[in-house]
Structure formats: C-alpha cells, structure tokens
Amino acid sequence: MSDYLVRAASNPTLRNVIKTVGLPTPAELARAEGPYQDRFLDAQTVLVGAGGRASAFNEVEKTLKTTGATVERSDRPRPRDDAKYDALVFDATGMDDVAELTALYEFFHPVARKLTRNARVVVLASLPSAMDNLQAAVAARAVEGFVRSLAKEIGGFGSTVNMLYVEPGAESRIAAPLRFFLSDYSTFVDGQPLTVTAGGPMPEAVPTTQPLQNKVALVTGGARGIGAATANRLAREGAHVVCLDIPQDAETLEATVGEFGGTALALDITDDNAPRQIADFLTEKFGGVDIVIHNAGVTRDKTLANMPEHYWDMVLSINLAAIVKVDAVLTGEQVINEHGRVVCLCSIGGIAGNRGQTNYGATKAGLIGFVERRGVTERERGVTVNAVAPGFIETRMTAEMPFGVREGGRRLSSLSQGGEPRDVAEAITFLVTPGAGGVSANVLRVCGQSLIGA
Ligand code: NAD
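None of the values given here were measured: they were computed from a predicted structure.

(A) Highlighting the domain arrangement of the chain. Domain parsing of the chain yields domain 1 (31-196) and domain 2 (216-446). Taking only C-alpha atoms, the centre of domain 1 and the centre of domain 2 are 29 Å apart. Listed by partner, the interface residues are 26 residues for domain 1 and 27 residues for domain 2. Regarding the contact of domain 1 and domain 2, the summed buried area is about 2200 Å², with carbon and sulfur atoms giving 58% of it. The largest per-residue losses of area from domain 1 upon contact with domain 2 belong to Arg31, Tyr36 and Phe188, which jointly make up 32% of the total buried on that side. At the boundary of domain 1 with domain 2, the tally comes to three salt bridges.

(B) Up close: the site of the ligand. The environment of the ligand is made up of 28 residues, and the closest members are Ile226, Asp245, Asp268, Asn295 and Tyr360. In this structure, arginine 224 approaches the ligand through a side-chain N or O atom, which is 2.9 Å from an oxygen atom. Within the backbone of asparagine 295, one N or O atom sits 2.8 Å away from an oxygen atom of the ligand. Within the residue set of the shell around the ligand, elements represented by two or more residues are helix H7 (225-236), strand E8 (240-245), helix H12 (358-377) and helix H13 (396-399). Sorting elements by how many residues they give to the shell around the ligand places H13 first, with three residues. Class assignment of the residues belonging to the shell around the ligand gives a composition of 14 nonpolar, eight polar and six charged.

(C) Inspection of the environment of histidine 294 at higher detail. By the secondary structure assignment, histidine 294 is in strand E10 (residues 289-294). The buried category is assigned to histidine 294, whose relative accessible area is 4%. Through-space distance from the C-alpha of histidine 294 to that of valine 326 is 9.4 Å; in sequence the pair is 32 residues apart. Dropping the residues within four chain positions of it, histidine 294 is found in contact with Thr220, Ile323, Val326, Val342, Val343, Cys344 and Leu345.

(D) Representation of the sheet that holds strand E13 (residues 443-446). The parallel open sheet is built from seven strands, whose spatial order is E9-E8-E7-E10-E11-E12-E13. Edge positions in the open sheet fall to strand E9 (263-266) and E13, since each of these has one partner strand only. Recorded for the sheet is a direction-independent mean angle of 20° between the axes of neighbouring strands. Alignment of strand E7 (residues 216-220) against E8, held across five bridges, turns out to be parallel. For leucine 218, the partnering residue across the bridge sits in E8 and is valine 242.

The rules behind the values
- Residues numbered from 1 in each chain as written.
- Predicted model: local features only at pLDDT ≥ 70, side-chain atom pairs only at ≥ 80, totals over all residues.
- Heavy atoms only, no water.
- Domains from an automatic or database assignment.
- Contact = heavy atoms within 4.5 Å.
- Buried area = accessible area lost by both parts, 1.4 Å probe.
- Salt bridge = Lys/Arg side-chain N within 4 Å of Asp/Glu carboxyl O.
- Near = heavy atom within 4 Å.
- Polar contact = N/O pair within 3.5 Å; in protein donor to acceptor, adjacent residues only side chain to side chain.
- Helix = DSSP H or I, 4+ residues; strand = E, 2+ residues; numbered from the N terminus.
- Nonpolar A, V, L, I, M, F, W, Y, C, P; charged D, E, K, R; others polar.
- Buried < 20%, exposed > 50% of the residue type's maximum accessible area, 1.4 Å probe, protein only.
- Pairing = 2+ DSSP bridges.
- Axes fitted to C-alpha atoms, helices over the stretch in contact; angles between N-to-C directions.

Written out as structure tokens, the structure reads:
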C-alpha cells in the first residue's frame, strides 16, 4: 500500500503546504534494486575517521576499497566547505576513556550539514561487556546513545545511522555488516546496533555477489507477504528456496514459487508430524538445509480481559511452540548444515509490548529468548541464529488497521513512514549471507527507528 504523504511530499509545492499544516514531510527512501553488486558505492564519497587507537580501522579501509567509493580521511586535509558526503564511517573501537568521546563531536559536528539525502552513517564501537575496565565499557556504551540520537536528527532526509559493536578479535568479520549498513539494502534499518563476535569458525570465504549459490533455504509462511518477498530475494542471490505454507493456501504457494523456480511444501507447521515431515523432505530432496527462515506467524488481537482462549492457543502454537518443535528436529538431527543460518521473524511488539497483543508479544519475546540461546549454542558448527523485528510494514495486515492506528504506526518513526516487505527481506538476506558469520544471537529491528520500544 503506497504512502500518500511520501508521494505528496516529493512535490515541492505540496511539500510546503504539508509543512505549513504541521504534518511530517517524509523523504522518498532510496532502495537498492536487484542482487548485490560489488562496487555499490561507485561515484559516492565516504568520509572516514577514528578516535583513540581504533582496532577496526584497517578493516574499515579495506572494506571501503571494495565498494568503489571515493574515500576521504578526516585526519588528512579538513573537509572542504562545499564538500558533500554520501556516507560517514567513524571507528570508535579505540576509545577506552570517557574523555575520548569528544572525538565523536570533533568528527561529526563539522560535517553534520554536509550529508546528501539518504546518506548512510555507521559508527563502530567496542563491545562493552568485553572491556576489561569501567572507563572503556562506559565509553563504548555511550556511543549507542549518540548513534540513536543522531539517527533521529537526520532521519527526515531519509538518512540512517547504525552501529557495529565489535568484540575484540572480530575485526576481520565486519566487512559484510559494514557493507550492508552502507548500502541502500538497509534503508529501513535505522538507529540500530549489531554485535559482531569472534567465536566459532571463520565464515566461509565467498564472493560478495551471488553469495547464496548452491544454498538451500526453507521459508515458512512463504506464500505471501514478508515470506514471499524473502523467498524471492534469497532466490535472486542464488539460493534454491523451499516455501512452506498451509495446504489451504496451496494455490497461492504454487504461484509464489513459480516466480523464481522454487519448491512448494504445503504443510501446517502446527501438525504433530510437521517437524518430522519437514526434516525428511529436506534430507531426502536436498541432503539438508543451509538457511531456515521461521516466518509463519499470525495475530489474534484482543485485550487480555476480552481474549478468548482459542486466540491465545492459536497464536502461541503457530508463532512459538511450532518453531521450537521444528527447530528441535532440524538442529537436533543436524539437518541444518554447517555454517547454516537461522532467522526468526520477531516484532517490535515483542520488544516493547503492545496493547491487545499479550499473546503475540509473548510469542515474539519468546523468539528473542530462542535466538539468544541458540545463537550461542550453535556457534561451534558456524551456524548463526538471529531475529529480525519489523516495525510498521505496509502489508495486507497493516492495510486493514483503522486509519488513526495506521497513521500512528507509520509516522512514529525517525523516517516518518512505514517500511515495505522487501525491507525486511533485505535484512534477512544480509543475515543469511556467508559473510555475516560474525553476527549471531542478534535481534535486528527493521522499523525506521520506530518510537515503539525505542
Ligand atoms: P502474512 O499474513 O502476510 O503471511 C503469513 C503467512 O504465514 C501466511 O501465508 C500464512 O498462511 C502462513 N501461516 C500462518 N499459519 C501457518 C501455519 N500454521 N503453518 C504454515 N504457514 C502458516 O504476514 P506477514 O505480514 O508477511 O508477516 C510475516 C511474519 O512477520 C509474521 O511472523 C509476523 O508476525 C511478522 N511481522 C509482521 C509485521 C508487519 O507489519 N507485517 C510486523 C512485525 C512482525
């Protein structure tokens, strides 16, 4: 469903009228089309800087070289008065003292008005829990408050600010997350931290284009919405995708997989024998699975006092119990291959809670517990387990909301608009690439920095 305010605000005359009546003027967001490109920052200028004895800076420079960007360093000549930057990258991993936080001000203040629209800003900081002294832990954690606040200041231009917490020793694993945050594939991810850890085997060395060649993916609830967008996207990066959905939706499911040459599996994930059937299907047909997207989910909203028991039971069994049961077989029997990738569809409602969603909120918070545990226990096999938490996404579900609720959901974010299913699909696709092997047990919000649960 398209957003009337984004369309109107792109017209200069209407934009002034909208401003005059006090409504937000959301920017048209730049979205990358098609599969990953190596030199996706060709003809763009990136300013880089660092504070303290930055440990990730070499890796930042090495990664930027692969993007085709023109790179300027803040410690060389001072930024020209007429300079414009498409992206800024600041490495704060060396800041081990609160006083050193001044370097953030010194780097960003002179260029805060020199950003293009839809600019990308990425800040790297050390992982606070891995710091061996209080000053360093406090300084590292302070960076997140800076990032989240700056994101709120520049979101009106369609620009985003995100950060990477880098565990000492994980510097060689930042390339893929850095490329993702710098690209227009991450357009609806804003004000968010991702943690890159050092444990487990090194991610496989793979090209940045077509990284999912020879991979087999399972997407539950793949007939429509976010699941279908994700399946399409994974297929475009080279994966063979099995889409699973309920037998009643077999026709839609067949049409969806027909778009990209995937395989349909008509099955209800709450059936008692579903875990067995899924495991046998993947083993017999493909010898295992590399990517599992637990996407199937439903809402049955009512305040707790008004909620019938079957609403509670249905949401709990589809959104949470079935996932844990399917995972027990796929993980327990190692149907998921080494270096596998698992992503759960969570929600900002599972982080912040939502009126009328005690059932849904419980399931989505439960999934956070799932990825936090599994993301660590599976590290030895190089398997990562993460969640994405969408905010307001323009789908059939949100189109049916009353006007006031829909407008609130759309506008209460730094980007003043809803996201699209493909924005969630992009975040999932990044998380399942081989290069994202340092990212596990993370919950990545895809919400335009929604104020809900901010
Ligand atoms: P959707 O209703 O468009 O698609 C969900 C799919 O899951 C449907 O095709 C449905 O048939 C399938 N499904 C439901 N029960 C199933 C079962 N028992 N077995 C197999 N398949 C089943 O929903 P969507 O908006 O694309 O949401 C996808 C996921 O993203 C869900 O987990 C949802 O909670 C989550 N999410 C969506 C939003 C949003 O704004 N749309 C926000 C936050 C989280």
